[in-house]
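Now for the letters of each chain:
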Amino acid sequence: MSPKLMVDPSKKWSGPTRPYDLVKEIVVAFVAVALLAGGLAFLFSSPDDPAVTLKSWALTNSADFAVTATGELAGTTTSAGYGAPYNTAAKGQHFGFIKLQDWAGVRIPIDPANDFVVKPLLMMNDSAASSAVAEWSSANADQQSTWATAYADALSKAEGKDSVADPSGTFGPVPQMVASLLTMAKSGALDGALITSDTPLPTDFTKSLLFLGDSEGYFADLASKQHLSGDQWGVMNETGSWPGQSWLWLFSFWYQIDPFKSSDNADTIVMLLMGVLTLGLMLLPFIPLLRRIPYAIPVHRLIWRDWYRKQDK
Amino acid sequence: MSTSSWTGRVRAATLEKMKPEDLLPEEQPAYVASWIYIFGVLTLAALFMLIFSGLVLTVEGPAWWHTSTIGHYWNSVHLWSVELFFIFMVVHLWGKFWMAAWRGKRTATWITGVLAFGTSIITAFTGYVIQTNFDSQWISTQAKDGFNAMGIGAYFNALNTGQAILIHVALLPLVVGVIVLWHVLLVRRKGVVPPIDNDGTIARGAKK
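None of the values given here were measured: they were computed from a predicted structure. Residues take numbers from 1 onward in each chain, read along the sequence in its written order. The naming scheme follows written order: chains are lettered A onward, ligands numbered 1 onward. With pLDDT at 70 or above as the cut-off, local features in this predicted model cover only qualifying residues; side-chain atom pairs require 80 or more to be listed or tallied, and sums for whole chains, interfaces and linings still use all residues. Hydrogen atoms and water are omitted, and side-chain values are computed over all heavy atoms in the structure.

Visitor: Any details on the interface of chain B and chain A? Residues and values, ideally.
Guide: One frequently used descriptor of interface size is the decrease in accessible area upon assembly of the parts. By definition in these notes, contact holds between two residues if any of their heavy atoms fall within 4.5 Å. In this assembly, 97 residues from chain B lie in contact with 98 residues from chain A. Buried area between chain B and chain A, both sides added, is near 8700 Å², and the carbon and sulfur share of it is 68%. Values labelled buried area give the accessible surface lost by two parts on being combined, using a 1.4 Å probe and summing over both. On the chain B side of the contact with chain A, Trp 80, Trp 98 and Phe 134 of chain B bury the most area, a combined 9% of that side's loss. Any carboxyl oxygen of Asp or Glu within 4 Å of a side-chain nitrogen of Lys or Arg constitutes a salt bridge here. In this structure, the connection of chain B to chain A is made through 1 salt bridge. Side-chain atoms alone can form a polar contact between residues adjacent in sequence; in general such a contact is a pair of N or O atoms within 3.5 Å, and within protein one must be able to donate a hydrogen while the other accepts it. Where chain B meets chain A, there are 29 residue pairs in polar contact (both at pLDDT 80 or more). In terms of residues, the side of chain B that touches chain A owes the most to one element, helix H5 (residues 69-98) of chain B, which gives 17 residues. Residue composition of the side of chain B that touches chain A, by class: 55 nonpolar, 27 polar and 15 charged. A helix here means a DSSP run of H or I that spans at least four residues, while a strand means a run of E at least two residues long, and both kinds are numbered starting from the N terminus. In this count, Pro and Cys sit with the nonpolar residues alongside Ala, Val, Leu, Ile, Met, Phe, Trp and Tyr, while Asp, Glu, Lys and Arg are called charged and the others, Gly among them, polar.

Visitor: How would you sum up the pattern of salt bridges? Please name residues and give values.
Guide: As enumerated under the stated definition, the model contains 9 salt bridges over all chains in all. A salt bridge links Lys 12 of chain A to Asp 22 of chain B, with the nearest nitrogen and oxygen atoms 2.9 Å apart. Of this pair, Lys 12 of chain A sits in the segment before strand E1 (17-19) while Asp 22 of chain B sits in helix H2 (residues 20-23), each in a different chain. When accessible area is computed with a 1.4 Å probe and restricted to protein chains, residues below 20% of their type maximum are described as buried, those above 50% as exposed, and intermediate ones as partly exposed. The class of Lys 12 of chain A is exposed, set by a relative accessible area of 59%. Look at Asp 22 of chain B and you get buried, because its relative accessible area is 13%. Residue Asp 306 of chain A is joined to Arg 309 of chain A by a salt bridge in which the shortest nitrogen-to-oxygen separation is 3.0 Å. With Asp 306 of chain A and Arg 309 of chain A both in helix H16 (residues 305-312) and 3 residues apart, this pair spans about one turn of that helix. The class for Asp 306 of chain A is partly exposed, based on a relative accessible area of 30%.

Visitor: Describe the side chain of Thr 119 of chain B, and please don't skip the residues or the numbers.
Guide: Residues and elements named next belong to chain B. Positionally, Thr 119 belongs in helix H6 (residues 107-129). A polar side-chain atom of Thr 119 sits 3.2 Å from the main-chain carbonyl oxygen of Ala 116. When sequence neighbours within four positions are dropped, the list of residues in contact with Thr 119 reads Val 175, Val 176 and Ile 179.

Visitor: Can you explain the packing of aromatic side chains? Please cite residues and give values.
Guide: Stacked, edge-to-face and tilted are the three classes for Phe, Tyr and Trp ring pairs, Trp counted by its six-membered ring, which pair at centre distances within 6.5 Å; planes under 30 degrees apart are stacked, over 60 edge-to-face, the rest tilted. The full count for this structure, using the stated rule, is 34 aromatic pairs over all chains. Members of the aromatic cluster, joined through ring pairs, are Phe 30 of chain A together with Phe 48, Phe 52, Tyr 73 and Trp 74 of chain B. For a ring to carry a charge above it, either NZ of a lysine or CZ of an arginine must fall within 6 Å of the ring centroid while also lying within 35 degrees of the normal to the ring plane. Geometry around Tyr 295 of chain A places Arg 292 of chain A over its ring, the cationic atom sitting 4.3 Å from the centre.

Visitor: So, the environment of Asn 198 of chain B: which residues are in play, and what are the values?
Guide: Within the secondary structure, Asn 198 of chain B sits in the loop between helix H8 (161-190) and helix H9 (200-203). Put simply, Asn 198 of chain B and Val 10 of chain B are 188 residues apart on the chain and 35 Å apart in space, counted from C-alpha to C-alpha.

Visitor: Got a sec to walk through the environment of Gln 28 of chain B? Specific residues and values, please.
Guide: Mapped onto the fold, Gln 28 of chain B is located in strand E1 (residues 27-29). Spatially, the C-alpha atoms of Gln 28 of chain B and Gly 191 of chain B are 8.7 Å apart, while their sequence positions differ by 163 residues. Ignoring sequence-local partners within four residues, the contact set of Gln 28 of chain B consists of Thr 17, Arg 18 and Tyr 20 of chain A together with Arg 188 and Val 192 of chain B.

The values reported here are purely geometric and, on their own, carry no functional implication.
Written as structure tokens, this is what we have:
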């Protein structure tokens, strides 16, 4: 057996060569991939479930809309208690002393009660709505919270209803405000009001999507039916049966297991973990044990099998 | 040749280190004979299809594909191109891992490859956010929590569709393009890593 050809991999190859045509390879690959992508697109198309709106929410599940709107006034929704970058209602997620969310500060100020309910109602030009808002605005924060919390409790007990009678005035102006907002939403005017509050030619849907995201009985329900929820590996799924972002499988995986899935700081921990793992992959050539794996498990014998066969002769 | 001027230094660091036969070779080392080698160029081809189909979609605007059969077809081409792109790229990445392709001062090639993978994932994510349909609404409302938890959301707002469109169409393709170009030039300059069992530096007990 002839001695094995030993080379320094950092030096230019001076051993045997074979003919190669780079340009031909590029052209063939590009044509093949173009045909493949074009063919797959023709055969399988792509999903396009229409966007939902505050109008479709109000028309489809008015009770959930009323509960959520009341929650915005009571300060009990996800947005109302979010923290940075929207408000100071919470400190946000952290990992030990690392409080990136809090440190970034409030750069997209959102006050859900005012931005999602009060300000849109002032645009309605409706006397009942205006009177209710005036009464709401003249009350102190404790009184507002008492009204809204009481109405939220009443709505939750009256399952499936978008309003509850208030003969004794326990709920203050809240039922009128919610009823007016529901009317506004059903007409489609609330969608426009929330996205045009900063500019008449909007590209920013933060307010309407945050409000929609606070819905538990409509938006989340639609997502769950499309297997898009976090506990359904939704990060890597697509609507229907189309492939989604399957490359996010590891990111999605952490949310399925403890201690991540039950942690209040799951997003921070998973994001940091993925950052560390990505850094590890990048610096793999410097990590002693991991960089030895290709030597220990000889998959390379399969990759270069023709070469080794010739070497062994 | 003088390299005292800025121009001279740039030329010495770039053009003078790249030979024409390395950039456009007509021969390869004899060991470059496996199907695994095609996945690099297939990834580039899928990237080209992504950019091309993306450019077609930009002409008529982000909502065109909802109302036009032709627009929907090109959106589908864009979707399937990204699926192919990641399949090819992951196979390419695994192949290079099992080859220990960072050997022989090719660490920068490995690192730029991983960087290209990471920035491609972010680019793809912004693409999913700007579909302007239910899927994008849901993805953006969920993803914002991850970005906000890292403090990133204060600067990149996943719910701001206009911001996401500009980042997806202008900024990130530029970043990915530069990294991929850098990666390809490193591959051409350093050549294809030789088989592990022929690694003379290992045989001599040198650092692996």
